[in-house]
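Structural overview
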Amino acid sequence: QVQLVESGGGLVQAGDSLRLSCAASGGTFSSYTMGWIRQAPGKDREFVAAITRNGGSYRADSVKGRFTISRDNAKNTVYLQMNSLKPEDTAVYYCAATRKIAGLALPLAYEYWGQGTQVTVSS
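Residues numbered from 1 in each chain as written. Predicted model: local features only at pLDDT ≥ 70, side-chain atom pairs only at ≥ 80, totals over all residues. Heavy atoms only, no water.

Now for the pairing of strand β3 (residues 18–25). Strand direction decides the pairing type here: strand β1 (residues 3–7) and β3, joined by 5 bridges, are antiparallel. Within the sheet, the bridge partner assigned to L4 lies in β3 and is A24. In terms of strand pairing, β3 meets strand β8 (residues 77–82) through 6 bridges, oriented antiparallel. Bridge pairing links S21 to Y79 in β8. (Pairing = 2+ DSSP bridges. Helix = DSSP H or I, 4+ residues; strand = E, 2+ residues; numbered from the N terminus.)

This is the structure in structure tokens:
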């Protein structure tokens, strides 16, 4: 059981950078794979990036070269560094946790979810 709280979203211009943070509590943070999933208006939830307990990181093709996921187990925090933001990145971004290490590109793999933080990128 883990509780997740996202922060760092906001309104930015195309080409700008933003760093999202997710603070975890109530569980053993280092035992979870952590992921970021986003949902744009009228769209299904979409996998963005994940990082496993073993240190492997994975990113969706749409964000490769622009977004980086990292974690700091001492702070029970996972980050998403977003560079070169595009209007297509506009969405609510959710932090999520799972004990799985496979099938991570599917939102259904994640057991625990934060409340989300809004990212809006203007043209």
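A complete count under the given rule lists 4 salt bridges for this structure. With its nearest N and O atoms 3.2 Å apart, the salt bridge here joins K64 to D61. The partner of R66 in a salt bridge is D89, with the nearest N and O atoms 2.7 Å apart. Residue R66 is found in the loop between β6 (57–59) and β7 (67–72), and its partner D89 is found in the loop between β8 and β9 (91–98); the two are separated by 23 residues along the sequence. (Salt bridge = Lys/Arg side-chain N within 4 Å of Asp/Glu carboxyl O.)

Evaluated as defined, the whole model comprises 1 disulfide. Each sulfur in the disulfide pair C22 and C95 lies 2.1 Å from the other. The sign of the -80° torsion about the S-S bond sets the C22-C95 disulfide as left-handed. With a gap of 73 residues between them, C22 in strand β3 and C95 in strand β9 connect regions that are remote in the sequence. (Disulfide = S-S within 2.5 Å.)

Further remarks concern the nonpolar core. Within the largest apolar cluster, 36 residues are counted, with the highest numbers of intra-cluster contacts made by L4, M34, W36, V78, L80, M82 and Y93. Of all the secondary-structure elements, those providing two or more residues to this core are β3, β4 (33–39), β5 (46–51), β7, β8, β9 and β11 (117–122). (Core = buried A, V, L, I, M, F, W, Y, C linked by side-chain atoms within 4.5 Å. Buried < 20%, exposed > 50% of the residue type's maximum accessible area, 1.4 Å probe, protein only.)

Next up on the list: the packing of aromatic side chains. By convention here, two paired aromatic rings are described through the distance between centres and the angle between planes. Considering all chains together, one arrives at 3 aromatic pairs under this definition. Between Y32 and Y112, the ring centres sit 6.0 Å apart and the planes meet at 85°, which makes this aromatic pair edge-to-face. In this pair, Y32 sits in the loop between β3 and β4 while Y112 sits in strand β10 (residues 112–113), placing the two residues 80 residues apart along the sequence. Each member of the pair, Y32 together with Y112, is buried. For R45, the ring lying beneath its charged end belongs to Y94, and the centroid distance is 4.0 Å. (Phe/Tyr/Trp six-rings, centres within 6.5 Å; stacked < 30°, edge-to-face > 60°. Lys NZ or Arg CZ within 6 Å of the ring centre and 35° of its normal.)

What follows covers the sheet that holds β7. The 4 strands are arranged β1-β3-β8-β7 in an open sheet whose pairing can be described as antiparallel. In the strand order of this sheet, the two ends are held by β1 and β7, each with one partner. The sheet shows a mean angle of 15° between the axes of neighbouring strands, taken without regard to direction. Bridge count between β7 and β8: 6 bridges; the pairing is antiparallel. In the strand pairing of β8, R71 is matched with V78. (Axes fitted to C-alpha atoms, helices over the stretch in contact; angles between N-to-C directions.)

To continue, consider the environment of Q115. Considering the arrangement of structural elements, one finds Q115 in the loop between β10 and β11. Residues Q115 and K100, 15 residues apart in the sequence, show an inter-C-alpha distance of 21 Å. Excluding residues that lie within four positions of it along the chain, Q115 makes contacts with L4, V5, E6 and Y94. (Contact = heavy atoms within 4.5 Å.)

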